[in-house]
Amino acid sequence: MSYELTKGAIQTIMTGGEVVCPVLQILGSKEISSNNPSKRYRILISDGVHLNSYAMLASHLTPMLLSGDLVENSVVKITNHVASIVKNADKGDKRIMVILDLEVIMHGSQVGMKIGNPVQFDPNQPQSQSACAPVQPAPQASQPKPQFQQRMNEPVTPKSKPAFNGYHNSNETIYNSPKTTKTHPIASISPYQNNWTIKVRVTAKSQVRTWSNARGEGKLFSMDLVDESGEIRATAFKDQVDKFYDMIQEDKLYYISKCQVKMANKKFCTLNNNYELSFTNETQVIPCADEDTAIPKLQFNFSSLSTIQDLEAGSILDFIGVCKSAGDVVTLTARTTNRELKKRDITIVDRSLTAVTLTLWGNQAEEFRGDTHPVLAVKGGKVAEFGGGKSVSLLASSVLQVNPDIPDAHRLKGWFDDLTEDAKFNSVSSRSESGGGGKWYLIGEAVASKVGCGEKADYFSTYATVMHVRQERCVYKACPTPDCQKKVIDQNTGQYKCEKCNREFDSFKYRLMLSVNIGDFSGNQWITIFQEAAEELLGVSADTVGKLQEENTSQFGEIFRNVTLQPFQFKLRAKMETYNDESRIKMSAFSVKKPDINERCRRLYSEICELSGIETR
């Protein structure tokens, strides 16, 4: 019949033998209680002769249970599985069958009964030596079902082995030979088994990073591992860094075993795996001398740079582009740790004629050279948003390849070399006219549409007239350090202290922070305008405004009178903010410019035609 079971398969598998693609029946399932966010299930399987309750579904098969594709009495073909021994201090070693892939031959609703008269498999009892063979369904299932619920509640907890140094334990040999060791697929790894060896390719290796906190200091590095079944992140700490960092090389193959398996922290790891590995004192890493073409190399899933404009901040993507220009290395001070950071912003472009800013950090920023316009391929870049523009940045888990030897890179370089000097690009990172200004609104329309009332900031553009500019506290003395905007404290000793940088300076820089009321015929709104945009509005530098304020001349007031009742084009950011338990919409301008009358007329003409149903020409 179409749902004949493979007789004797469970006995063979659970005693260390191998059966290729056995056909078994699912007789029940139970969720494993754990702190893991992803659900895991134990299942009761039968080959018509024996039952086995020590079987687990790989996490990627869980949807089959939840969707109803895999129900009681279903007949399935196990196309991939592993059998692992886990330690249990109370009940002794247990062999667990982990099902990695299966095909449903017949749904349980069609089978409708238990096939054969299977009994619980007991490895301690003498078993028959019958070969695996099909078993026909029993004419009736008169034997009561086993106490599956009780068996499912038996704990399965791994027990760690004593630590050892080197590739062999002092009391036992871990490997006969790497070539003869049976390896497990990455997809089968879980915290419920510890006796495994994986054969993997290292697709990326991070630099050594250090940390220092109240618990002490340390160092670490991480690597991305891949085989035919999937990918996983592994991290080495402290002594393991010294032991393995120089040995492990990107794009090389290794046998790895004896790692701790834990839930992956998705904040730092974007790989498609719920688990990650941590090296321990027992961890073994053995180079694989022979190349295995079946194990893939680093795989990219490139997105066009033009899609970045529509992505949410924090999105992760792979992309490829040519370095059009590179800025200088800039030194920053981390706000939370006061650590000195180095970064470099570069502009990359692709065939969509889109330009985006890519931020490099640390050694990558210092060592990067953009004068030859290299091709950059990034895996796992993070989208950032500021002032309506989008940019991308590299995370600790990101992979950057310069001039990779792949067809996409060769085609992109050829396209860029053929460009003319007057080629135009649409920058999704710019905060100028080419940046993201959102929809066009009248002031009243923006308020009525409740812009900024959501969880994230909203951006929009408007034409409005400057009704009033507050002159009080319009300029302040700021820290002279590049990229620091903190107000300094006058020590009255000729020194100015910046609390953010925790330093004293003998000079400062002026910065503008204007409070401006703008309006049109639909309403008016108070907005805040900072530095560059404020200088564009006033037509003078912050330094000039500051000096005129100190000198108390009539020219100071004249600066503000010159822009009052003048029209401007604004790009605004609106966001709900809470202060003293009071919530209100705060609007700030990140771009201010004199309106282009011709462009303004074309926009009004298009809007009139759209409202009246007239086709534009």
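See the structure above.
Residues numbered from 1 in each chain as written. Predicted model: local features only at pLDDT ≥ 70, side-chain atom pairs only at ≥ 80, totals over all residues. Heavy atoms only, no water.

Let us look at helix H11 (residues 554–561). Those residues of H11 that fall on the buried side of the exposure criterion are Phe556, Gly557, Ile559 and Phe560. Along the axis of H11, the buried residues cluster in a sector spanning 145 degrees; they form a single face. Opposite the buried face of H11, at more than 90 degrees from it, the exposed residues are Ser554 and Gln555. Residues of H11 that are buried make contact with strand E26 (458–469), strand E31 (509–520), helix H9 (531–538) and helix H10 (542–551). (Buried < 20%, exposed > 50% of the residue type's maximum accessible area, 1.4 Å probe, protein only. Helix = DSSP H or I, 4+ residues; strand = E, 2+ residues; numbered from the N terminus. Arc of directions from axis to C-beta. Contact = heavy atoms within 4.5 Å.)

Here we take up the nonpolar core. Of all hydrophobic cores here, the largest spans 35 residues; its most connected members are Leu514, Val516, Ile527, Ile529 and Phe570. With five residues, E31 is the largest single contributor of residues to this core. Not counting residues up to four positions away in its chain, the partners in contact with Ile529 are Leu512, Met513, Leu514, Val516, Ala534, Leu537, Phe570, Ala589 and Val592. (Core = buried A, V, L, I, M, F, W, Y, C linked by side-chain atoms within 4.5 Å.)

Okay, the packing of H10 against H11 next. For the pair H10 and H11, the least separation of the axes is 7 Å and the interaxial angle reads 135 degrees. As the angle between them shows, H10 and H11 are arranged oblique. Residue-level contacts link Val545, Leu548 and Gln549 of H10 to Gln555, Phe556 and Ile559 of H11. Of the residues that constitute the contact of H10 with H11, the class distribution is four nonpolar, two polar and no charged. (Axes fitted to C-alpha atoms, helices over the stretch in contact; angles between N-to-C directions. Parallel < 35°, antiparallel > 145°, perpendicular 65-115°, else oblique. Nonpolar A, V, L, I, M, F, W, Y, C, P; charged D, E, K, R; others polar.)

All right, on to the environment of Asn363 then. Looking at the secondary structure, you find Asn363 in helix H6 (residues 362–367). On the basis of relative accessible area, Asn363 is assigned to the partly exposed category, the value being 36%.

A few words on the pattern of salt bridges. One pass over the full model with this rule turns up 10 salt bridges. When the shortest N-O distance is used, the salt bridge between Arg201 and Asp251 registers 3.6 Å. Of this pair, Arg201 sits in strand E9 (residues 197–205) while Asp251 sits in the loop between helix H5 (239–244) and strand E13 (253–257); the two residues are 50 residues apart in sequence, bridging distant segments of the chain. With its nearest N and O atoms 3.8 Å apart, the salt bridge here joins Asp417 to Lys413. With Asp417 and Lys413 both in helix H7 (residues 407–417) and four residues apart, this pair spans about one turn of that helix. We classify Lys413 as partly exposed; its relative accessible area is 23%. (Salt bridge = Lys/Arg side-chain N within 4 Å of Asp/Glu carboxyl O.)

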